[in-house]
Amino acid sequence: MIKEGKFGVQEAICLTWITIVSKVFFSSPAVLARLIGSTGWYATLISAAVALLGFSFIYLLLKRFPDKGIVEIFDIAFGRVIGFIISCILGLYMLFITVARTSELSGFLRVYVAPQSPNWFIIGIFVVCIYTLSILGLESIARLSKLLIYPLLLGFLTVLLLGVQNYDFNNLFPAFGYGLDKIAYNGILRSSVYGEVIILAIFAKSFQGARFIKKEGIIGISLSAAIISLSLLCCSLTFPYYIEQEITSPMYELSTLIDYGRFVQRVEAIFLYVWIMSNFISATVVFYSFMSIFCYTFRIPDKKPIIIGSCIILYTVSLMHKNIISIILGYISIIRNFGSLPLFVLPLITLIAVMIRKKGENTNA
Amino acid sequence: MNLILAIKNIIIYKEPKNTYEFELLEDEQEDMKSGADHTSYGNDTSAAQSLDNSNNVYKELNKNIEEIKQEFHFPTNKDIVIREFKVMRKTNACIVYIDGMADKSTINDYILRQLMTDQEMYEDTKISIDYITNNLLAINQITKHISLDQVIMQILNGLTALFVEGCEECIVIESRGYEKRNITKPEVEMVIKGPNEAFTENLRTNLTLVRKIIRNKELVTEFVPLGKTDNLTCAIMYIKGITNPKIVREVKRRITGLDVDIIAGSGGLEQLIEDHPLSLFSQLLTTERPDKTALYLMYGKIAIICEGSPYASLAPVTFFHFFHSPEDYFLHWQFSTFLRLIRWVATSLALFLPGLFIALTIYHQEMIPTELLFALSNAREHVPLPTLFELLAMEITFELIREGGLRIPGAIGQAIGIIGAVVLGQASVAAGLASPILIMVVSIAGLSSFAIPNYSIAFAIRLMRFVFTFFGGIAGLYGITAGIFIFGGLACSMKSFGVPYFSPIAPKTKAEHNIGIIAPPWTLKERADYLNTGNRSRTGGTVRGWIRQDKRGNDK
């Protein structure tokens, strides 16, 4: 049988936190600036609130089926055939997220860091990293995320602190951006930003019960919201919204503007590890979720034989994009606009189904 | 054919083997009192007699002598001494020992003289094993064996075997007296403030050195034979009631499960019993200091000491333990904390500096301040080699000097090291083969590696430095980050006797204020949580009880 290992609350929180937060380091702030101006920093709090609501459905579902992962619950709720289809949708969506992450990082590196390096090379290194960690298993990924959270957080906060010299509070205006309706609409729609919290449900067996998952999910979403909001605020303080929307990676640009005398300037390369490492962890976790779902759906007892195959699929699909614009306007846009459907709506439908069919331990819940 | 097999092995799926993986889980903690079974050194016959009876001591002395001669290839083998005589001038007997391993004065004065003296007043006494042990032999440590195999093993250890006509038991007398080195100063783990005793090659001396520090009746020493043909003895030390018995059992299981003719001391044993032998990181901590061994034993760890090896292997350990120096505990905690921070900086420099230099000069020149960039480009102007090749060449030269300096004896070795470094460095700059800045980078990285207190981990970092240099060369900081991710993942998947390698940070366990920054000694009240020790508390309440007493006194 597939064994993912067991780990504690802190590892779970770090895993969720990094997985959710990593996307803010790339194109997300620019897209938000285009949609809602300089109000992204509080609009994301609306997204977080909606995500918490979505997570409450996931939690209620898991509470009814202790010691079961969400994929097993799909089977129980809908039967083998429909459960299989739903699991496949979730699994493929996870693969799609991984592809988007990989392509986005590759595009980012080609724009800012290594313009002459070919895509196959950058993505190749990425896939080797994912492959290695997938072989080692979820327990190692969780431990690594716990270990790396300290240098990542340190680097991230250093960038924000050193960027103080460029902050201009006038950039936060107009305070309501393009209008409250748009803020509310995009805030709700983009709750998918926090959708990766579903990994807690996919690997529910490793997280020591629903009570702990509730704690991990709430803290994970809240901390992620705080970090995302803070970074969006700093981006908005640094760049006027009409400039921010033109920048591929506002957070990286923010680090390039750090200038304290002749020696401390153009230090953005030092902080590269923050953006890259968080993306590595995030993509690996999501990719591992895909494999876990795939193995369960097709009743494959061991993950190892499918890792190489899955990595080859990831590698080839990640290469299928024209440029970073096509990634941002294509993959990322789809994930943000429709991500809530598989990540929050599917568990909600499942919850309704189990309540109607009176399945699970706590039928009065 | 081998290539085809290798490809086949990669492609074809094999079912995962159901190998037993030892885990130290909190909910499985066992009653410490029931603890580990132990057989202490110098016990009576009981431990030895459990072996099969197929090769027991004969009643007839001649048969025993013949058997011994055959087993030891006597008389071709000149080391073995078989001395026949009569006990109290009436019963035939013989002693067997290995020349040079046994102490001759013990044999002459306290075995032969005692046994061969004519005691007329006891003429009618029947000579038996019990009579000899109770009345004749003036030796403090004696064991009785019925298994001839056990007797042979003890003879090989330097003890003397006494066979008596008509007795089905053999007396094995403690008479070890081989040459041994005196206790000297530690050579690898030197300290300025602290004890200066190091282990020697003699097992008994090493155990005594530890016992001298821990004067606790709960300190248990178990002996386990190592190797199938060389009968090396290995001691397992732990403190009953503190050390988790599961760890003791697991260590014994692994050692007794070894099936190899000879084991090269503690270094060889470590590789055979550690959880991840393919990893660069060692999972047992080797030390030559008895005080460090004693300290770790008190923390709930196990010490494995092999005969003939001047080191103790400590387990379970975490990654952070490799950066602790014994001096940390003898200095003020603020000084120790500073030294530890320096060691962490040194580790980072030793590991990443050459890689970062390559990454910055090849891929991220924008980060280098303009003046420094000019200096760099001026220095490199006449160097024909690519930076990566130049750096690797200098690193290899540095390793050559280091290895060469070790092989050349004493003061000449040090001189060769310094002269080699200076002359080679200057000459290569003058010849236009390397730039001065690069030589500085290599030197700083090399110097930093000497600041790492553990030799095994320093070696691992030396090797990994090459990997990071390569990663930095092929993909800049992206490559280095990928390297950290891969090596970090591999290290996070490791365990040392069931304890995750990065405990107590990943996974998080209860705080241990001694892994990086040292907390004041009076706050270190508990043993590490991840060891699941029998007794977590190191104190009855307040470490500095005198403060409370003083206050009470003032109140009065």
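1. Considering the overall build of chain B
Each helix and strand counted, chain B has 16 helices and 12 strands in total. For chain B, the share of sequence-separated contacts (at least 6 apart) that also reach a separation of at least 24 residues comes to 68%.

2. Some thoughts on the overall build of chain A
The helix and strand inventory of chain A stands at 15 helices and two strands. For chain A, the C-alpha radius of gyration of 20 Å lies close to 21 Å, the compact-globule estimate for 365 residues. In terms of overall dimensions, chain A has a C-alpha envelope of 65 × 45 × 35 Å along the principal axes. In chain A, once contacts between residues fewer than 6 apart in sequence are set aside, the share between residues at least 24 apart is 84%.

3. Quick notes on the nonpolar core
Grouped together as the largest cluster of nonpolar side chains are 219 residues, with contacts concentrated most on L200 of chain A together with M237, I302 and A303 of chain B. The residue makeup of this core includes at least three contributed by each of domain 2 (203-317) and domain 3 (333-496) of chain B. Leaving out residues up to four positions away in the same chain, L200 of chain A has contacts with A12, T16, F207, I213, E216 and G217 of chain A. Judged by nonpolar contacts, the second largest core, of 26 residues, contains V57, I111, L159 and F163 of chain B.

4. Topic: the environment of K182 of chain A
All names here are of chain A. Tracing the sequence through the fold places K182 in helix 7 (residues 180-189). Exposure remark for K182: the 16 C-beta atoms within 10 Å place this residue in the partly exposed category. It is 6.6 Å that separates the C-alpha atoms of K182 and I36, two residues lying 146 residues apart in sequence. Discounting chain neighbours no more than four positions away, the residues touching K182 are I36 and G177.

5. A look at the sheet that holds strand 10 (residues 312-315) of chain B
Residue and element names in this part refer to chain B. Here we have five strands laid out as an open sheet, ordered 6-7-9-10-8, and antiparallel in their pairing. Edge positions in the sheet fall to strand 6 (219-226) and strand 8 (285-287), since each of these pairs with one other strand and no more. Here the average twist between neighbouring strands, direction ignored, is 25°. Pairing geometry for strand 9 (residues 302-306) and strand 10, over four bridges, is antiparallel. Its bridge partner lying in strand 10, I304 is registered against S313.

6. Here we look at the domain arrangement of chain B
Residue and element names in this part refer to chain B. When its domains are assigned, chain B resolves into domain 1 (45-173), domain 2 (203-317) and domain 3 (333-496). Inter-centroid distance (C-alpha atoms) of domain 2 to domain 3 is 34 Å. Taken together, the contacts link 12 residues of domain 2 with 11 residues of domain 3. Its residues assigned to classes, the side of domain 2 that touches domain 3 comprises six nonpolar, five polar and one charged.

7. Observations regarding the packing of helix 3 (residues 40-64) of chain A against helix 7 of chain A
Residues and elements named next belong to chain A. Where helix 3 meets helix 7, the axes come as close as 7 Å, and the angle between the chain directions of the two elements is 45°. Relative to helix 7, helix 3 is oriented oblique. The way helix 3 lies across helix 7 gives a crossing that is right-handed. Note on element contacts: helix 7 touches helix 3 through I183, A184, N186, G187 and I188, opposite A43, I46, S47 and V50.

8. Describing the environment of I243 of chain A
As for its position among the elements, I243 of chain A is in helix 10 (residues 241-244). The spatial distance from the C-alpha of I243 of chain A to the C-alpha of T158 of chain A is 23 Å, given a sequence separation of 85 residues.

9. Some remarks on the interface of chain B and chain A
Each partner contributes residues to the interface: chain B has 27 residues there, and chain A has 30 residues. Take the side of chain B that touches chain A: its biggest share by element is 13 residues, from helix 15 (residues 455-492) of chain B. A class-by-class count of the residues in the side of chain B that touches chain A yields 18 nonpolar, seven polar and two charged.

10. Digging into the sheet that holds strand 1 (residues 80-87) of chain B
In any sheet, the strands associate via hydrogen bonds between backbone groups, in a parallel or an antiparallel arrangement. Residues and elements named next belong to chain B. Spatially, 1-2-4-5-3 is the arrangement adopted by the five strands of the open sheet, whose pairing is antiparallel. Edge strands, defined here as strands with exactly one partner in the open sheet, are strand 1 and strand 3 (142-145). For this sheet, the mean angle separating the axes of adjacent strands, direction not counted, is 25°. Looking at chain direction, strand 3 and strand 5 (residues 170-173) are connected through four bridges and run antiparallel. Bridging across to strand 5, T143 finds its partner in V172. With respect to the sheet, helix 2 (residues 61-71) is in contact with strand 1, strand 2 (91-98) and strand 4 (160-164), its orientation differing from that of strand 2 by roughly 15°.

11. With respect to the confidence of the model for chain A
If pLDDT is low for a region, its predicted coordinates should not be looked at in detail. With 98% of its residues at a pLDDT of 70 or more, chain A has an overall mean of 91. Mean pLDDT values over the elements of chain A span from 82, in helix 14 (residues 324-338) of chain A, up to 95, in helix 5 (residues 119-136) of chain A.

12. So, the pairing of strand 2 of chain B
Residues and elements named next belong to chain B. As paired strands, strand 1 and strand 2 are joined by eight bridges and run antiparallel to one another. Each bridged residue has a counterpart across the sheet, and for R83 the counterpart in strand 2 is I95. Count of turn residues in the strand 1/strand 2 antiparallel hairpin: three residues, of which M88 carries a positive phi of about 50°. Where strand 2 meets strand 4, four bridges bridge the pair, whose relative direction is antiparallel. Note that in strand 4 the partner of A93 across the bridge is V164.

13. Quick look at the packing of helix 4 (residues 70-112) of chain A against helix 15 (residues 340-356) of chain A
All names here are of chain A. Between helix 4 and helix 15, the least distance of the axes is 11 Å, while the angle of their chain directions is 175°. Between helix 4 and helix 15, the angle falls in the class roughly antiparallel. Contacts between helix 4 and helix 15 involve I70, I73, F74, A77, F78, I86, I89, L90 and Y93 from the first element and P342, L346, P347, T350, A353 and V354 from the second. Here the contact of helix 4 with helix 15 is composed, by residue class, of 14 nonpolar, one polar and no charged.

14. Side note on helix 5 of chain A
Its 18 residues place the ends of helix 5 of chain A 26 Å apart at the C-alpha level, agreeing with the 26 Å of an ideal helix rising 1.5 Å per residue. Buried residues of helix 5 of chain A: I122, I123, I125, F126, V127, C129, I130, Y131, L133 and S134 of chain A, and no others. Its buried side turned inward, helix 5 of chain A meets helix 4, helix 6 (138-162), helix 12 (272-297) and helix 13 (304-318) of chain A together with helix 15 of chain B. One or two positions beyond helix 5 of chain A, positive phi appears at G137 of chain A, with a value near 100°.

15. With respect to unusual backbone geometry
Cis geometry is found at the peptide bond from A315 of chain B to P316 of chain B, where omega equals -10°. Looking at the secondary structure, you find P316 of chain B in the loop between strand 10 and helix 10 (333-362). For the bond from S503 of chain B to P504 of chain B, the omega torsion is 0°, close enough to zero to count as cis. The backbone of D67 of chain A sits at a positive phi, close to 65°, despite the residue not being glycine. We classify D67 of chain A as exposed; it has 11 C-beta atoms within 10 Å. A positive phi angle, near 55°, is found at H73 of chain B, a position not held by glycine. The residue H73 of chain B is located in the loop between helix 2 and strand 1 in this model. What makes H73 of chain B exposed here is the crowd of 11 C-beta atoms within 10 Å.

16. Quick look at the confidence of the model for chain B
Residue and element names in this part refer to chain B. Looking at chain B as a whole, its pLDDT mean stands at 85, while 89% of the residues score no less than 70. Taken element by element, the predicted model of chain B shows its lowest mean pLDDT in helix 16 (residues 545-555) (65) and its highest in strand 9 (95). pLDDT under 50 marks residues 33-53. Its contacts with residues more than four places away, or in other chains, come to 29 contacts.

Criteria and cut-off values
All chains use their own residue numbering, which begins from 1 and follows the written sequence. A letter from A marks each chain and a number from 1 marks each ligand, given out in the order of writing. Since the coordinates come from a predicted model, pLDDT governs what is reported: local features require at least 70, and pairs of side-chain atoms require 80 or more to be given and counted, while whole-chain, interface and lining totals use all residues. Helix numbering and strand numbering both begin at the N terminus, where a helix is a DSSP run of H or I of at least 4 residues and a strand a DSSP run of E of at least 2. Residues are treated as contacting if the C-beta atoms built from their backbones sit within 7 Å of each other. The quantity called the radius of gyration is restricted to C-alpha atoms. Its globule counterpart is 2.2 Å times the number of residues to the power 0.38. Nonpolar core, as used here: buried Ala, Val, Leu, Ile, Met, Phe, Trp, Tyr and Cys residues forming one set through C-beta atoms within 7 Å. Put plainly, a residue is buried at 20 or more neighbouring C-beta atoms within 10 Å of its own, exposed at 12 or fewer, and partly exposed in between, counting only other residues' C-beta atoms, which are placed from the backbone. Domain start and stop points were drawn from an automatic or database domain assignment. For two strands to count as paired, DSSP must find a minimum of two bridges between them. Helix axes are fitted only over the stretch in contact, all axes being lines through C-alpha atoms; the angle between N-to-C directions runs from 0 to 180 degrees. The residue classification treats Ala, Val, Leu, Ile, Met, Phe, Trp, Tyr, Cys and Pro as nonpolar and Asp, Glu, Lys and Arg as charged. All others, Gly included, are polar. Comment on the angle field: the value is read as roughly parallel under 35 degrees, roughly antiparallel over 145, roughly perpendicular from 65 to 115, and oblique elsewhere. Crossings are assigned a handedness: left-handed for a near helix turned anticlockwise from the far helix by less than a right angle, right-handed for a clockwise turn. Scored between 0 and 100, pLDDT is the confidence that the predictor attaches to each residue. The length a helix should cover is 1.5 Å for every residue beyond the first.

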